[in-house]
Amino acid sequence: MIGRRILHVSDSLQIGGAERVLIGLAAGLVDRGARVTVACSVGGPLEVEAHRAGIDVRVLGSSLVKRRLDADFTCALTRLIMNEPPDLVHTHMHASSVAATLALRQSRIPLVVHEHSEAGWRDFETRCAAAEAYRRSAAVIAVSSAIRRRLVDVDGVPAAKIHVIHNALPRLPRQAAAVGGLPRPDGPLVGVVARLYPEKGVAVFLRAAARLAQSVPDAGFVVVGDGPQRGMLERLAAELGVAVTFLGFRPDGPALIGELDLLVIPSLSEGTPLVLLEGAAAGVPVVASNVGGIPEQVSDGIEGLLVPPGDDRALANACRRILADRAFGARLAAAATDRLRQADPEAAVNAVAALYAHVLRTQPVPTETL
């Protein structure tokens, strides 16, 4: 990768799983001698980590572009590519993939599209826009086999174009401990760390918490994260009569996981969530939805407990099982930690670098763009 100019495009550098995967990959590519730029509609807390890793950051707008086509973001990205043409463009998330596809209309620069989620929210218009990005791409990265199946079966992407590269915990400096910590109940602390979007299933967690509180009355419940559903979720918790602490956005969210007695991932759709790996790294038992790439990360009953997505009764029962048998929970957490330790932390970066090398051999950048 020495000397290669790689442009990553992201909706933002706010705290999120896809954004953190991006920064981890970009940092690994810098370590391998690449010149990496990240372009985004707005910045965010991850800008600090990006600069520390030697990544060039270009903020191209003043407001977040998310799940939609934005003409200003597309024009700014087009100008950046024309003025400083990269060897390869790598996009993350829908808005960035759509903008980059349009920005590259007059160019033969290779495009790699990274699919981090099952994208169940897409309507007809956004599916059509995504299809154009897949057609323009030289390769599509799927973070799970479940997403690969969706790309083939639903989106019609040729199987040969898709490369499954599972997420790994980024090797980036993080706070050693949380700032301020979590509220401590008299009993166990059960929590969710997620963006508050519908697909994260936090409403399911609240209903499960209401059930769990009936048999574990001294349990405490916490939600770490923010998003457009926060007000609705706070109202739902009040209606259910369950005391839940909503902490909002916390930059030390990953460090807070270690203070939980049980981590819950109630997602309705997923890629391969970093929060699950962070739970394993912290030695915290996990109950998660059996959805997306999660079963590729966790063996049910061995490294965690998996439940059907959207089933608050099953979620409450799984949580109750672990809280009633803390030795069982400790065995699950230890097995998950062992699995994480056995994984190669460089595997994802190595796979992406190898994919770039393949793409650039088969679709070299024409001399007129250099």
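Thresholds applied
- Residues numbered from 1 in each chain as written.
- Predicted model: local features only at pLDDT ≥ 70, side-chain atom pairs only at ≥ 80, totals over all residues.
- Heavy atoms only, no water.
- Helix = DSSP H or I, 4+ residues; strand = E, 2+ residues; numbered from the N terminus.
- Rg over C-alpha atoms; globule rule 2.2 N^0.38 Å.
- Buried < 20%, exposed > 50% of the residue type's maximum accessible area, 1.4 Å probe, protein only.
- Contact = heavy atoms within 4.5 Å.
- Areas by Shrake-Rupley, 256 points an atom, 1.4 Å probe, with all protein chains shown as cover.
- Lys, Arg positive; Asp, Glu negative; His and termini not counted.
- Charge placed at Lys NZ, Arg CZ, Asp CG, Glu CD.
- 1 Å grid on protein atoms, 1.4 Å probe; cavity = no way out; pocket = protein on both sides within 12 Å on 5 of 7 lines; lining within 4 Å.
- Points joined across faces, edges and corners; volume = space filled by probe spheres on them.
- Core = buried A, V, L, I, M, F, W, Y, C linked by side-chain atoms within 4.5 Å.
- Pairing = 2+ DSSP bridges.
- Right-handed = clockwise from strand over helix to strand, strands pointing away.
- Salt bridge = Lys/Arg side-chain N within 4 Å of Asp/Glu carboxyl O.

A.B. asks: Talk me through the overall build of the protein chain; I want residue IDs and the actual numbers.
C.D. replies: Each helix and strand counted, the protein chain has 14 helices and 13 strands in total. Over its C-alpha atoms the protein chain spans a radius of gyration of 21 Å, differing by no more than 12% from the 21 Å that the globule rule assigns to 370 residues. Across its three principal directions, the C-alpha atoms of the protein chain cover 70 × 40 × 40 Å. Per-residue burial over the protein chain gives 56% buried out of 370 residues. Residue pairs in contact within the protein chain that sit at least 24 positions apart in sequence constitute 68% of those at least 6 positions apart. As displayed, the protein chain has an accessible area near 15400 Å², and 52% of this comes from carbon and sulfur atoms. Averaging the coordinates of the 39 positive side-chain charges in the protein chain and doing the same for the 38 negative ones gives two points 3 Å apart.

A.B. asks: So, empty space enclosed by the protein: which residues are in play, and what are the values?
C.D. replies: Under the counting rule described, the total for this entry stands at one cavity of 30 Å³ or more. Approximately 30 Å³ is the volume attributed to the largest cavity. Lining the largest cavity, in full, are Leu276, Gly279, Ala280, Val284, Pro285, Val286, Val298, Glu303 and Ala336. Per-element tally for the lining of the largest cavity: the top contributor is helix 10 (residues 274-282), with three residues.

A.B. asks: Describe the nonpolar core, and please don't skip the residues or the numbers.
C.D. replies: If you look at the biggest cluster of nonpolar residues, it comprises 37 residues, and the most contacted ones within it are Phe221 and Val287. With nine residues, helix 7 (residues 202-215) is the single largest residue contributor to this core. Not counting residues up to four positions away in its chain, the partners in contact with Phe221 are Leu189, Val190, Phe205, Ala209, Leu212, Ala213, Val242, Ala243, Val244 and Thr245. Ile23, Leu25, Val57 and Ile141 belong to the second-largest nonpolar core, a separate cluster that totals 35 residues.

A.B. asks: Tell me about the pairing of strand 1 (residues 5-12), residues and numbers included.
C.D. replies: Among the eight residues that make up strand 1, seven are buried, leaving the element largely enclosed by the rest of the structure. Here strand 1 pairs with strand 2 (residues 35-42) via seven bridges, running parallel. Across the sheet, residue Ser10 finds its bridge partner in strand 2, namely Cys40. Taking the sense of rotation as the criterion, the β-α-β connection linking strand 1, helix 1 (residues 17-31) and strand 2 turns out right-handed. Summarising the sheet, strand 1 and strand 4 (residues 88-92) pair through five bridges and their orientation is parallel. Directly across from His8, in strand 4, lies its bridge partner His90.

A.B. asks: Tell me about the pattern of salt bridges, residues and numbers included.
C.D. replies: With the rule as written, the count across this model stands at 23 salt bridges. Glu115 serves as the salt-bridge partner of Arg122, at 3.1 Å between the closest nitrogen and oxygen. For Glu115, a relative accessible area of 6% gives the class buried. Glu115 is the salt-bridge partner of Arg150, the closest N and O atoms lying 3.9 Å from each other. Here Glu115 lies in strand 5 (residues 111-115) and Arg150 lies in helix 6 (residues 145-153), a separation of 35 residues in the sequence. For Arg150, a relative accessible area of 13% puts it in the buried group.

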